[in-house]
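The primary structure of each chain is shown beneath.
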Amino acid sequence: WALMRTISASESNVSRPYNVIYGGKTFSDFSRHPDLCVTIIWGPNRGKCSTAAGRYQFISSTWEEMAKRYHPKPPGLFFWQSYSFEPQDQDAVVHAWLSDRYYWKNDIPNLLRQGELDRVLRLLSGTWTSLGYGIETNSMTRHLPQIYREVLQEEIRFAATSYNRKNALALIEYFPKELDKGTVEKALRGLDFPLIIMPAVISDLPSNSIWFSSRVKIDDVKLVAKTLINAGVKIKAIRPFAEGGYFSEKLIRVGADPQMEERSPLTLTQVRQASKFTR
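The paragraphs below set out a description of the structure included in this document. On a predicted model such as this, the values are computed, not experimentally measured, just so you know.

### Section: the overall build of the chain
Looking only at helices and strands, the chain features 10 helices and seven strands. Counting all 279 residues of the chain, 45% fall into the buried class. Taking all contacts inside the chain whose residues are at least 6 apart in sequence as the whole, residues at least 24 apart take part in 68%. Of the roughly 15,400 Å² that the chain leaves accessible, carbon and sulfur atoms contribute 50%.

Pasting the structure below:
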């Protein structure tokens, strides 16, 4: 969803994006794609016309092609019936399309988890030409990486808030690294805690640190630490978050801290015997 919101920020950055057509005018009939061809007045395609419409600025031919593949509510057997262009259907088609690893010949969700946003934007720029590697950049293009990071954090905070209201278990947030060679993720998935995989921020160090927020039980922190140490991960620091440094009161974060790199790894005995962990 964060990627979809980023595409929308570049393609239809208006207050009501679902019913906007190329050029800024709007339509009201969501029973089908509006298919209105508006003359392009600037850029490399000036003089041609565009049928782009909706939050993701689908041209009519692309909408028909992708709706046939991914639309949640096919129109039936009658050839004159059209695919609904309702907001939820625009979202559903794009979500399914972006998730289709066979179409893109890439696993886009996995690339995002690995922090490969630039690669994803480049991959999609042939379809959405304003994403930074296409032929039609705009005033939002250079801000897209920051927009993506901000909306991703916003969505995670929302999910965590909803989770906190319903659950007693801690959440684990992990920033994967190539140097971890899958060991950390495999160990964490063996626990009963929900796991959120984040884009890597520091990728030239292996995971070496654990942070935790205010309402996490010390035994849960120890369990995560012992599990990782038993898996061969060299955990060098276990600390509470700095004030305001987390988005959930029940969060355990596993990642890399360059300042801890010269420290000796903690032992299982040290973790077991600790009565608390401090900054």
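### Some remarks on the pattern of salt bridges
By the definition in use, this model includes five salt bridges. In this structure, the salt-bridge partner of Arg55 is Asp91, at a minimum N-O distance of 3.3 Å. Note that Arg55 is positioned in the loop between β2 (49-50) and α2 (60-70) and Asp91 in helix α3 (residues 87-98), a separation of 36 residues in sequence. Just as Arg55 is buried, Asp91 falls in that class too.

### Thoughts on α2
In an α-helix, one turn spans 3.6 residues, which is why side chains three or four residues apart end up on the same side. By the burial criterion, the buried members of α2 are Ser60, Thr62, Trp63, Met66, Ala67 and Tyr70. Buried positions in α2, seen along its axis, are confined to an arc of 150° and lie on one side of it. Against the buried residues of α2 lie α3 and α4 (101-104).

### Things to note about the side chain of Arg55
Given the relative accessible area of 12%, Arg55 is considered buried. Polar contacts involving the side chain of Arg55 include one to the side chain of Asp91, which spans 3.3 Å. Setting aside residues up to four positions removed in sequence, Arg55 forms contacts with Arg5, Ser8, Glu11, Ser12, Pro17, Tyr18, Gln90 and Asp91.

### What to know about the state of the cysteines
Evaluation of the coordinates by the stated rule reveals one disulfide. Here Cys37 connects covalently by a disulfide to Cys49, the sulfurs 1.7 Å from one another. On the sign convention where negative is left-handed, the bridge of Cys37 and Cys49, at about 75° about the S-S bond, is right-handed. Residue Cys37 is located in the loop between α1 (2-11) and β1 (38-39), and its partner Cys49 is located in strand β2; the two are separated by 12 residues in the primary sequence.

### So, the pairing of strand β6 (residues 237-240)
With four bridges connecting them, strand β5 (residues 209-212) and β6 associate as parallel partners. Residue Phe212 lies in a different strand from β6, and its bridge partner there is Pro240. Note on the crossover from β5 through helix α9 (residues 218-230) to β6: the handedness is right-handed.

### Details of the packing of α2 against α3
Here α2 crosses α3 at 75°, and the two axes come no closer than 9 Å. The orientation of α2 relative to α3 falls into the category roughly perpendicular. Here α2 contributes Thr62, Trp63, Met66, Ala67 and Tyr70 to the contact with α3, which in turn contributes Asp89, Gln90, Val93, Ala96 and Trp97. Considering only residue class, the contact of α2 with α3 consists of seven nonpolar, two polar and one charged.

### Overview of the packing of aromatic side chains
Within this structure, the stated rule accounts for 10 aromatic pairs. Seen from their ring centres, Phe212 and Phe277 are 6.4 Å apart, and the 75° between their planes marks the pair as edge-to-face. Of the two residues, Phe212 is situated in strand β5 and Phe277 in the segment after α10 (268-273); the sequence distance between them amounts to 65 residues. The two residues Phe212 and Phe277 agree in class, both being buried. Members of the aromatic cluster, each reached through a chain of ring pairs, are Phe27, Phe30, Phe58, Trp63, Phe85, Trp97, Tyr103, Trp104 and Trp128.

What counts, and at which threshold
Residues numbered from 1 in each chain as written. Predicted model: local features only at pLDDT ≥ 70, side-chain atom pairs only at ≥ 80, totals over all residues. Heavy atoms only, no water. Helix = DSSP H or I, 4+ residues; strand = E, 2+ residues; numbered from the N terminus. Buried < 20%, exposed > 50% of the residue type's maximum accessible area, 1.4 Å probe, protein only. Contact = heavy atoms within 4.5 Å. Areas by Shrake-Rupley, 256 points an atom, 1.4 Å probe, with all protein chains shown as cover. Salt bridge = Lys/Arg side-chain N within 4 Å of Asp/Glu carboxyl O. Arc of directions from axis to C-beta. Polar contact = N/O pair within 3.5 Å; in protein donor to acceptor, adjacent residues only side chain to side chain. Disulfide = S-S within 2.5 Å. Pairing = 2+ DSSP bridges. Right-handed = clockwise from strand over helix to strand, strands pointing away. Axes fitted to C-alpha atoms, helices over the stretch in contact; angles between N-to-C directions. Parallel < 35°, antiparallel > 145°, perpendicular 65-115°, else oblique. Nonpolar A, V, L, I, M, F, W, Y, C, P; charged D, E, K, R; others polar. Phe/Tyr/Trp six-rings, centres within 6.5 Å; stacked < 30°, edge-to-face > 60°.

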